[in-house]
Amino acid sequence: AAGKIYAPRYRQAHLHAYHTKDQKSAMKAFGIAYQDVRSAFQYYLKNQNNGRPIILASHSQGTNHAIKLMEEFFNGKPLQDQLVVAYLTGMPVTQDTFKNIQPCQTEFDTGCFCSWRTFKTGYEPKKYPTGNKIVVTNPLTWKTDEVVAPKSLNMGGTALKFYEGIIPEMNSAQAHNGILWASKPKFPGSIFLTTKNYHIGDFNLFYSNVRQNARERSKAFLMKEN
């Protein structure tokens, strides 16, 4: 809805790299993955960007790589002027991660980043970082306050199979202590959903809102340019 889509093909580090005691091997795996992402991005800049505005979207391990990519190519660099927005989801991103790129505060801000990690409303995760220094963007309001956004603001999410369609009013959302709380989503088969960690649905649960927001921020960016 907002522009052409490009995705890097890269050698992703195994999930075990996040948990192993062999940090040397883990860092090597993450390094190989990032170099692939970096090479793909350099190829994109050289062959396909042609000076156009850029939206970055990442999730989980992808966000680890996107943070490094933003630091190397955008933060305080000329390319920052082309950044519409970065959606850095699924990993904790603190307010001071970037010196020159700030968290978005409204749905029309540009040159900024949004971030959230989704858990069931009321759940306090013990083994994941929390706290007010971690940025939480509510993808139903695009604000960083702790006001509850009712599910009526959810334009539609996707469930297990994207081709089955968009499900409106899938869940509510609220920023809380460094994480995003979401009510249990309603979709065919959701009665069997017992996990309180909605990591796999960070984008899916708010799909239509993210899609619409990318469009709105792109328009706002282009209006500033003109």
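See the structure shown above.
Residues numbered from 1 in each chain as written. Predicted model: local features only at pLDDT ≥ 70, side-chain atom pairs only at ≥ 80, totals over all residues. Heavy atoms only, no water.

(A) Quick peek at the pairing of strand E2 (residues 83-89). E2 sits mainly inside the fold: 7 of its 7 residues count as buried. Sheet analysis places strand E1 (residues 54-59) next to E2, joined by 6 bridges and oriented parallel. Across the sheet, His 59 pairs through a bridge with Thr 89, a residue of E2. The β-α-β motif built from E1, the intervening helix H2 (residues 61-73) and the parallel element E2 has right-handed crossover chirality. (Buried < 20%, exposed > 50% of the residue type's maximum accessible area, 1.4 Å probe, protein only. Helix = DSSP H or I, 4+ residues; strand = E, 2+ residues; numbered from the N terminus. Pairing = 2+ DSSP bridges. Right-handed = clockwise from strand over helix to strand, strands pointing away.)

(B) Structural context of the state of the cysteines. Taken as a whole and assessed by the stated rule, the structure comprises 1 disulfide. Between the sulfur atoms of Cys 104 and its disulfide partner Cys 112 the distance amounts to 2.0 Å. One quick way to see it: the torsion about the S-S bond of Cys 104 and Cys 112 is about 95°, and its sign makes the bridge right-handed. As far as the burial class goes, Cys 104 and Cys 112 line up, both buried. Cys 104 supplies the cysteine sulfur nearest to Cys 114, a cysteine that is in no disulfide, at a spacing of 3.7 Å. With a relative accessible area of 0%, Cys 114 lands in the buried category. (Disulfide = S-S within 2.5 Å.)

(C) Molecular detail of the packing of aromatic side chains. All told, the structure shown has 13 aromatic pairs when counted by the stated rule. Both rings, one in Tyr 6 and one in Tyr 44, keep their centres 4.9 Å apart while their planes meet at 50°; by these two values the pair is tilted. Taken together, the residues span a long stretch of sequence, with Tyr 6 in the segment before helix H1 (23-49) and Tyr 44 in helix H1 at a distance of 38 residues. Judged by relative accessible area, Tyr 6 falls into the partly exposed class, the value being 37%. The exposure class of Tyr 44 is buried, given its relative accessible area of 11%. Ring geometry for Phe 41 and Tyr 44: centres 5.9 Å apart, planes at 35°, overall tilted. Of this pair, Phe 41 and Tyr 44 both sit in helix H1, 3 residues apart, which is roughly one turn of that helix. Take Phe 41 and Tyr 44: they sit in the same class, and that class is buried. Ring pairs connect the aromatic residues Tyr 6, Phe 41, Tyr 44, Phe 73 and Phe 74, which therefore count as one cluster. (Phe/Tyr/Trp six-rings, centres within 6.5 Å; stacked < 30°, edge-to-face > 60°.)

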